[in-house]
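Close look at the chain arrangement
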Amino acid sequence: MDTKFIGKKSAAAGGWGALKSCSKQLLQSGMPISGARTMLKANQPDGFDCPGCAWGDPEHGSSFEFCENGVKAVAWEATEKRATPAFFAEKTVSQLRQLTDYELELNGRLTHPMRYDAASDRYLPVAWKDAFAEIGSILTGLDNPNRAEFYTSGRASNEAAFLYQLFVRVYGTNNFPDCSNMCHEASGIAMRQAVGVGKGTVLLEDFEEADAIFVIGQNPGTNHPRMLGDLRRAAIRGARVVVFNPIRERGLERFSDPQDKIEMLKGGSTDIASLYLQPQLGGDMAAVRGMAKAVLAAENVAVSAGLPSVLDHAFLAEHCAGFAEYRAAVEATSWADIGDQSGLSRQEIERAADVYIDAERVICTWAMGVTQHLHSVATIREIANFMFLRGNIGRPGAGLCPVRGHSNVQGDRTVGINEKPSDDLLDALEKHFRFTVPREHGHNVLAAIDAMLDGSAEAFIGLGGNFARATPDSALVEKALRRLKLSVHIATKPNHSHLMPGEAAFILPCLGRTEMDLNAAGNSQLVSVEDSMSMVHGSAGINRPASPHLLSEVAIIAGIAQATVGSAVVGWAELADDHDRIRDHIEATIPGFENYNARLRKPRGFHLRNTAAHREWDTPSGKASFSCEALPDETVHQRARKGEGRFALQTFRSHDQYNTTVYGLDDRYRGVYGERQVIFIHPADLKAMNAEAGDRVDVVGEHDDGIERIAENFRFVPYEIPRGSIAGYYPELNVLVPLGSAGRESDTPTSKSIMVSFRRRQAA
């Protein structure tokens, strides 16, 4: 049996392995010296914001505010390799489609705007003005603006996103399918219901004061490694870190900080998790409900014994609505149901609750392991309920902390990328720019795909990202994209979305985050982004552009807008040439951006005020609102165990990956090397199937809609994961995620709740 791809896992996250990986990435970029110099300006006041994750920057920053994945992102962008017109001349689009995501993006940076030629099945160079003119002509030729979809990736800056939403609304639609729809939508919805604001309530400095930190459905070691430094420092000073994650993730177990010279020299590392619990997929809500049940039981004991109260009654009385109803719902939930759904024992849950009770200040943080289930909104409401019990919101060292993915996914929403805009936003735009804004709600990602499939959407513009590979139901999405009259992709490198062209298709190459954006006067342009802690940072590239033919995202949006809607409402060219003017418009229409240009130029930027952090509740009741929703009738693992040979699958990233971008084929934290088509599974489940490590299988989707979904030729990797649950990498497994399975209220694909079975393959 071939198991050479299964090797030793890293003893700890970070450490020498991270340094070796950084060196390897910089060498592979072909620009190791300049790449290293570039990293010294990452997340610095006079440099650029890392194009990777949205983890916050400390006010007291060091000289090295980057991590391994930041180096990978920068090396990937700053590569010497170029995807020139010659690259596209060598192969047809059909031939390029046979390459893997990794192989395709290895060809390097795009250098020229390209237009698809159906006769030759190739992309050919096109002049910018001609591209803008044809795109504008097709958009204006549609019989209704709602027939166009305008996608946004979280890598877009505040300035690009604001200009994009302004153009699209002048054009006449609110169709804004956005990367948030696929990842973090549930957090915003649930938190607005619970506390009146859809963002985290903590600052990075709160991690320095917390007595306990609960990490739920999150893998910072791969997804936002700089967070491990904050967890490590918290653990060293005695804070308890409680982890709920179905997978044993190395970064949450042990971390060796590459910036700690003594730890590196001694080959040491720091324990992160004080308590590591592995619930079944979809069992987080039950686990949190169980902790709440234990807290309420401890309160009853304290009252009976005349001891100090466990609950924060003053907070509950002054700031909360619905506590009595919630308490009744918790008491009505049996420990048997909690255990069956969570997959955890009562004793395990009570141990976690004891940590919560013993801590004066608690932060709860979560990510996509929570947000990509059918009942994600209810789960996050339950997290908020739990935190309300002891007043752990709105004071130093405590609060709710949803960790966003891409570097500006939160900022894009703040400045108007939203298919369901508030009346306040629309009123402000209408008053300031003096045009009639569209009021009808638009399409999110799933609605946009449905519209493309049924023909009601005929055009698609993607501001960054890799839509075809980020979305669920890969075969249907490819069909949807290829039915369009127009597809436009604003990008830095070739990706698979570009290889699913409509009748007219364009690839428009843009500057990267690390590159200088010079205006007509030769001055470097500044952009801004917002991190998970609502800090707004300035970002200015320092490298020369990969090609003289590149334009900034702002300039590309302005060019399309000018060709589509003209300049009667907005002077697009003037804004593209002076980002300060864009920020003046943001200041005039978006709350919290007063004196934007001046504050942005201060070291570390500025904080957007969070009302919930000040115990001001913008909810219908005017208070923090408890939810008393019952546990789900059934979770994915409970459904799967009813059928023989069925499993609950979650997709996630490898360590050599960020979103759909694959930097390499190794996942050293999980001990997998040179292979991505793998399924992580409990050893006892393998034995029960008479299977072994390395056996090949096809993974078959078991969604009951009559559509056959198969991911072919995957290999088993024994791993520490609950029995009945399995895991593997996206985008390879996105083919199994049904469009028809989405979170209640959030409409987010259920990429952590997929029911599958296996078909054995013969050895090659």
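See the structure above.
Predicted, not measured: the structure shown is a model, and the values here were computed from it.

1. A few points about the packing of aromatic side chains
Summed over the entire model, instances satisfying the criterion amount to 30 aromatic pairs. Ring centres 4.9 Å apart and planes at 70° place the aromatic pair F87 and F88 in the edge-to-face group. With respect to class, F87 is no different from F88; both count as buried. With a centroid separation of 6.3 Å and an interplanar angle of 40°, the aromatic rings of F167 and Y171 are classed as tilted. On the criterion of helical spacing, the pair formed by F167 and Y171 is a turn pair, its members being four residues apart in helix α8 (residues 158-171). As far as the burial class goes, F167 and Y171 line up, both buried. An aromatic cluster is defined as three or more aromatic residues linked by ring pairs; in this entry it consists of F315, F323, Y326, F388, W617 and F626. Its end group placed over the ring of Y276, R248 keeps NZ or CZ at 4.0 Å from the ring centre. Note that R670 overlies the ring of F652, its terminal NZ or CZ placed 3.8 Å from the centroid.

2. With respect to the pairing of strand β7 (residues 212-216)
Each regular strand shows side chains that alternate between the opposite faces of the sheet. With five of its five residues buried, β7 lies for the most part within the structure. Pairing of β7 with strand β13 (residues 362-366), which is carried by five bridges, proceeds in the parallel orientation. Bridging from a neighbouring strand, A212 pairs with V362 of β13.

3. With respect to the sheet that holds strand β19 (residues 535-539)
With antiparallel pairing, the three strands of this open sheet are ordered in space as β18-β19-β20. Only two strands of the sheet have a single neighbouring strand rather than two, namely β18 (527-530) and β20 (606-607). Bridge count for β19 against β20 is two bridges, and the pairing is antiparallel. Residue M535 lies in a different strand from β20, and its bridge partner there is H607. Of the strands in this sheet, β18 and β19 touch α8, which is tilted by about 90° from β18.

4. Overview of empty space enclosed by the protein
For the structure shown, the criterion picks out six cavities of 30 Å³ or more. Together, 30 residues line the second largest cavity, and G217, N223, M368, G369 and K752 are the ones closest to its centre. Where the lining of the second largest cavity is concerned, the elements lending two or more residues are α11 (220-223), α20 (368-371) and β22 (647-652). Partitioning the lining of the second largest cavity into residue classes produces nine nonpolar, 15 polar and six charged.

5. A few points about α8
Relative to the 20 Å expected for 14 residues at 1.5 Å per residue, α8 spans 20 Å between its end C-alpha atoms, a close match to the ideal helical length. Burial within α8 is extensive, with 14 of its 14 residues counted as buried. Just downstream of α8 lies G172, where phi reads positive at about 125°.

6. Looking at the sheet that holds strand β11 (residues 275-277)
Strands sit in the order β11-β8-β7-β13-β14 across an open sheet of five strands; the sheet is parallel. The open sheet has two edge strands with one neighbour each: β11 and β14 (399-402). Within this sheet the neighbouring strands show an average axis-to-axis angle of 15°, counted without direction. Looking at chain direction, β7 and strand β8 (residues 240-244) are connected through five bridges and run parallel. If you follow F214 over to β8, its bridge partner there is V242.

Cut-offs used in this document
Residue indices begin from 1 for each chain and proceed along its sequence in written order. Per-residue local features of the predicted model are confined to residues with pLDDT of at least 70, and side-chain atom pairs are confined, for both listing and counting, to 80 or more; whole-chain, interface and lining totals are unaffected and use all residues. Here the side-chain values reflect all heavy atoms present in the structure, with hydrogen atoms and water set aside. Stacked, edge-to-face and tilted are the three classes for Phe, Tyr and Trp ring pairs, Trp counted by its six-membered ring, which pair at centre distances within 6.5 Å; planes under 30 degrees apart are stacked, over 60 edge-to-face, the rest tilted. Per-residue accessibility, obtained with a 1.4 Å probe over protein chains only, is compared with the maximum for each type, and a residue is labelled buried under 20%, exposed over 50%, and partly exposed between these values. Runs of H or I in DSSP of at least four residues are treated as helices and runs of E of at least two as strands, each being numbered from the N terminus. Think of it as a cone above the ring: NZ of Lys or CZ of Arg counts as a charge over the ring if it is within 6 Å of the ring centre and within 35 degrees of the ring normal. Think of it this way: DSSP has to see at least two bridges between two strands before they count as a pair. Note on contacts: a residue pair is in contact if any heavy atoms of the two residues lie within 4.5 Å. All axes here are fitted lines through C-alpha atoms, helices being fitted over the stretch that makes contact, and every angle between N-to-C directions spans 0 to 180 degrees. The distinction between a cavity and a pocket rests on a 1 Å grid over the protein atoms alone: a 1.4 Å probe fits inside a cavity but cannot get out, while a pocket stays open yet meets protein on both sides within 12 Å along at least five of seven lines, and a residue with an atom within 4 Å of a point counts as lining. Grid points are joined across faces, edges and corners, and a volume is the space filled by probe spheres set on the points. As a working rule, the residues Ala, Val, Leu, Ile, Met, Phe, Trp, Tyr, Cys and Pro are called nonpolar, Asp, Glu, Lys and Arg charged, and the rest polar, with Gly in that last group. By this rule the span expected of a helix is its residue count minus one, scaled by 1.5 Å.

The analysis is restricted to geometry; functional conclusions fall outside its scope.
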